[in-house]
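The chain contents come next:
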Amino acid sequence: MLDLENLAAGTLSKGYLSPKLGYPVKIPYFILKGAKPGPTVLVTAGVHGAEYASIDAAYRVTKLDPKTLSGTVVILPIISTPAFTSRSIYINPIDYKNLNRLFPGMAEGTFGEKLVYWLTEEFICKADAYIDLHGGDMIEALTPFTIYQAGHTSSHELAKAFGIELLVASDSEIMSFTAGARQDIPSILAEASGQGLWLEAEVERLRLGVERCLIHLGLLEGELEPKPHKDLSEFAWLRSEHEGLWYPYAVAGDRVKKNQVVGEVKSLLGEPLQQAISSIDGIVLFSVSSLAINADDPLLGIGA
Ligand SMILES: [Zn+2]
């Protein structure tokens, strides 16, 4: 981690980080060192480079007045700068890997594995709490939700504090929040917006969520107005078995029934190849909005 100890209290520091990853990168950072001591909170965005609402929300968090903080907020608004500049979907354009399937990363590995390892070792493991901001990617429509490691109580509490209603308990072992929860650091991944949009309400939803977490963690003063939440624990992630055309029959936020046909994949000759069928009664968390679909691409995510 950066040398937080020697920063002056009540100040903002910013600059670029260039970890040795075998490919030159300049990763922007901001540190809000509070006027009073307190916990260190890490906020990241841009693990996926085209999730703009989350990236802009992270930039808005940098506008907090450090004099009002008890503790330190470290903000890395664009983790995957190569994916951001190339407007890359899902993957980074250096090794073609999805960074959020590589945690906790590897010291010796490909670009993405090393980048994730650096983020885990230098930042996540040294923080007292971790908030990773995401959204639907350029070709995904999404209804907001917050993910945390199933069974990790302090992460569940942080997810509730963030204020998005739908909470997803995940048993993933390779995502950003996993790396934090494994070290017993309260860690969440909040998702809002998608399809390359960064509308005011969605950016604000994420910015406000971070602010609410800072109140919950004691860095900011204030009363946390309780928000309703729904715990989702059952999921159906539907994937395409074919390359072709994707016709979704349900969109993000829709309620769907078990055995409901929620979309169809057709060949480039327009012939039916695959029906996407929900295995549960639930709510559509995200749906791919791209007509073009590849084998093994996600189609729709449903939670119950
Ligand atoms: Zn993402």
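Owing to the predicted nature of the structure, the values given are computational and were not obtained by experimental measurement.

Caption draft 1: Up close: the sheet that holds strand β12 (residues 244-248). Reading across the sheet, the four strands line up as β15-β14-β12-β17 and stay open at both edges, with antiparallel pairing between neighbours. At either end of the open sheet lies a strand with only one pairing partner, and these are β15 (272-277) and β17 (292-293). Sheet analysis places β12 next to strand β14 (residues 261-266), joined by four bridges and oriented antiparallel. Looking at the pairing, P248 lines up with G263 of β14.

Caption draft 2: Highlighting the packing of helix α4 (residues 153-162) against helix α6 (residues 200-216). Running from N to C, α4 and α6 point in directions that differ by 130 degrees, and their axes come no closer than 7 Å. The angle between α4 and α6 places the two elements in the oblique class. As for how α4 packs across α6, the hand of that crossing is right-handed. Packed against α4, whose contacting residues are L158, A161 and F162, the element α6 presents G209, R212, C213 and H216 at the interface. Its residues placed into classes, the contact of α4 with α6 shows four nonpolar, two polar and one charged.

Caption draft 3: Structural context of the pairing of β15. Two strands pair when backbone bridges link them, and β14 and β15 are joined in this way by five bridges, in the antiparallel orientation. Paired with V261 across the bridge in β15 is I277. Hairpin connection of β14 to β15: five residues between the antiparallel strands, including G270 at a positive phi of 80 degrees.

Caption draft 4: Inspection of the sheet that holds strand β10 (residues 230-232) at higher detail. Taken in spatial order, the nine strands of this open sheet run β1-β2-β4-β3-β5-β9-β7-β8-β10, and their pairing is mixed. Edge positions in the sheet fall to β1 (11-17) and β10, since each has one partner strand and no second. Each strand axis lies, on average, 20 degrees off the axis of its neighbour in the sheet, ignoring direction. Packed onto the sheet, α6 meets β3 (36-44), β4 (70-76), β5 (129-134) and β9 (187-191) and runs at close to 175 degrees relative to β5.

Caption draft 5: Quick peek at the environment of L115. By the secondary structure assignment, L115 is in helix α3 (residues 111-122). For L115, a count of 29 C-beta atoms within 10 Å puts it in the buried group. In this structure the C-alpha to C-alpha distance between L115 and K20, which are 95 residues apart in sequence, comes to 8.7 Å. Those residues in contact with L115 that lie beyond four places of it in its chain are L21 and L99.

Calculation rules
Residues numbered from 1 in each chain as written. Predicted model: local features only at pLDDT ≥ 70, side-chain atom pairs only at ≥ 80, totals over all residues. Pairing = 2+ DSSP bridges. Helix = DSSP H or I, 4+ residues; strand = E, 2+ residues; numbered from the N terminus. Axes fitted to C-alpha atoms, helices over the stretch in contact; angles between N-to-C directions. Parallel < 35°, antiparallel > 145°, perpendicular 65-115°, else oblique. Left-handed = near helix turned anticlockwise from the far one by under 90°. Contact = placed C-beta atoms within 7 Å. Nonpolar A, V, L, I, M, F, W, Y, C, P; charged D, E, K, R; others polar. Buried ≥ 20, exposed ≤ 12 C-beta atoms within 10 Å, placed from the backbone.

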